Amino acid sequence: MATKIDKEACREAYNLVRDDSTNVIWVTFKYNGSTIVPGEQGTEYQSFIQECTDDIRLFGFVRFTTGDAMSKRVKFALITWIGENVSGLQRAKTGTDKTLVKEVVQNFAKEFVISDPKELEEDFIKSELKKAGGANYDAQTE
């Protein structure tokens, strides 16, 4: 059966993360049978990491604040998590299913496909977002 997405519900969750007036910094999009639906959401990145277990695949949309004391910038990441115990067929379908998620999640600085928990570390993601951002004026820290 072909995968579908609940666009309206997913768009609401996506907009929660983008909205500066909420504390929500991440949301997951998970599979409910053959339909992608909003999953959990939260205000702490560590809670997002706990959602990424070995036996599931999910899509995460996460807000990060980067910059220095003089200039803070908000960057968004689209993270595709594929746990180590996910079957080969499901792994393959995740790539094509991501196009459905991208119909809703259209604005992000960088996209990640991760199956190693070490790559979920906040410092790693932030450094990759900083590289994707272009000019880096934080010369005093490098």
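Residues numbered from 1 in each chain as written. Predicted model: local features only at pLDDT ≥ 70, side-chain atom pairs only at ≥ 80, totals over all residues. Heavy atoms only, no water.

Chemist: Looking at this structure, I do not really get the overall build of the protein. What am I missing?
Modeler: Check the secondary structure of the protein and you find four helices and six strands. Along the protein, helices and strands appear, N-terminal first, in the series β-α-β-β-α-β-β-α-β-α. Taking 14 Å as the expected radius of gyration for a compact globule of 142 residues, we find that the protein reaches 15 Å, a close match to that expectation. If one aligns the C-alpha atoms of the protein with their principal axes, the spans along those axes are about 55 × 30 × 25 Å. Looking at the protein residue by residue over its 142 residues, the buried ones come to 38%. The contacts of the protein with a sequence gap of at least 6 include a subset with a gap of at least 24, amounting to 58%. (Helix = DSSP H or I, 4+ residues; strand = E, 2+ residues; numbered from the N terminus. Rg over C-alpha atoms; globule rule 2.2 N^0.38 Å. Buried < 20%, exposed > 50% of the residue type's maximum accessible area, 1.4 Å probe, protein only. Contact = heavy atoms within 4.5 Å.)

Chemist: Would you mind going over the pattern of salt bridges with me for this structure?
Modeler: Opposite charge on two side chains permits pairing when their charged atoms draw close. Applying the stated rule across the entire model yields nine salt bridges. Salt-bridge contacts for Arg 11 lead to Glu 8; the nearest nitrogen and oxygen are separated by 3.2 Å. Placement of the pair is Arg 11 and Glu 8 together in helix 1 (residues 7-18), with a separation of three residues, close to one helical turn. We classify Glu 8 as exposed; its relative accessible area is 53%. (Salt bridge = Lys/Arg side-chain N within 4 Å of Asp/Glu carboxyl O.)

Chemist: Please explain the nonpolar core as it appears in this structure.
Modeler: The tendency in soluble globular proteins is for nonpolar side chains to be buried side by side. Counting residues in each nonpolar core, the largest one holds 17 residues, and the members touching the most others are Ile 5, Phe 29, Phe 61, Val 101 and Val 105. Put simply, the parts of the chain that give this core at least two residues each are helix 1, strand 2 (26-32), strand 4 (57-67), strand 5 (72-82) and helix 3 (88-104). Looking at which element gives the most residues to this core, the answer is helix 1, with four residues. For Ile 5, the residues in contact, after removing those within four places along its chain, are Cys 10, Thr 35, Ile 36, Leu 100, Val 101 and Val 104. Among the nonpolar cores identified, the runner-up in size contains 16 residues, and Tyr 45, Val 62, Ala 77 and Trp 81 belong to it. (Core = buried A, V, L, I, M, F, W, Y, C linked by side-chain atoms within 4.5 Å.)

Chemist: I'm lost on the UniProt feature "domain: ADF-H" (unreviewed entry) in the protein in this one. Help?
Modeler: Look at the UniProt record and you will see "domain: ADF-H" (unreviewed entry) annotated at residues 2-130. End-to-end, the C-alpha atoms of residues 2-130 are 36 Å apart, and along that stretch the chain is 35% helix and 34% strand. (UniProt positions renumbered as here; feature names shortened; annotations may be inferred.)

Chemist: Looking at this structure, how should I read helix 3?
Modeler: Given 3.6 residues per helical turn, the α-helix brings residues three or four places apart onto the same face. With 17 residues, helix 3 should reach 24 Å at 1.5 Å per residue; the first-to-last C-alpha distance of 26 Å fits that figure. The largest bend in helix 3 amounts to roughly 35° and is located at Gly 95. (Expected span 1.5 Å × (residues − 1). Bend = angle between axes of the 7 residues up to and from the residue.)

Chemist: When you look at the sheet that holds strand 1 (residues 4-5) in this model, what are you seeing that I'm missing?
Modeler: The pairing of strands in a sheet comes from backbone hydrogen bonds and takes either a parallel or an antiparallel form. Pairing is mixed in the open sheet, where six strands are placed in the order 1-3-2-4-5-6. Either end of the sheet is taken by a strand with one partner, and the two such strands are strand 1 and strand 6 (110-114). Bridging between strand 2 and strand 4 involves four bridges; their strand directions are antiparallel. If you follow Phe 29 over to strand 4, its bridge partner there is Phe 59. Here helix 1 sits on the sheet and contacts strand 1, strand 2, strand 3 (35-42), strand 4 and strand 5; the angle it forms with strand 2, its principal contact strand, is near 160°. The strands touched by helix 4 (residues 122-132) are strand 4, strand 5 and strand 6; relative to strand 6, the strand with the most contacts, the crossing angle is about 145°. (Pairing = 2+ DSSP bridges. Axes fitted to C-alpha atoms, helices over the stretch in contact; angles between N-to-C directions.)

Chemist: Looking at this model, I keep getting lost on the packing of aromatic side chains. Mind explaining?
Modeler: Aromatic rings in a pair are described by how distant their centres are and how their planes are angled relative to each other. The final tally for this structure, using the stated rule, is six aromatic pairs. Taking the centre distance of 4.8 Å and the plane angle of 50° together, the rings of Tyr 14 and Phe 61 count as tilted. Of this pair, Tyr 14 sits in helix 1 while Phe 61 is found in strand 4, placing the two residues 47 residues apart along the sequence. Judged by relative accessible area, Tyr 14 falls into the buried class, the value being 5%. With a relative accessible area of 0%, Phe 61 lands in the buried category. Measuring from centroid to centroid gives 6.2 Å for Tyr 31 and Phe 59, while their planes differ by 45°, and the two rings are tilted. Of the two residues, Tyr 31 sits in strand 2 while Phe 59 sits in strand 4, which places them 28 residues apart along the sequence. The ring centre of Phe 76 lies 5.1 Å from the NZ or CZ of Arg 18, which sits over that ring. The ring centre of Tyr 31 lies 3.8 Å from the NZ or CZ of Arg 57, which sits over that ring. (Phe/Tyr/Trp six-rings, centres within 6.5 Å; stacked < 30°, edge-to-face > 60°. Lys NZ or Arg CZ within 6 Å of the ring centre and 35° of its normal.)

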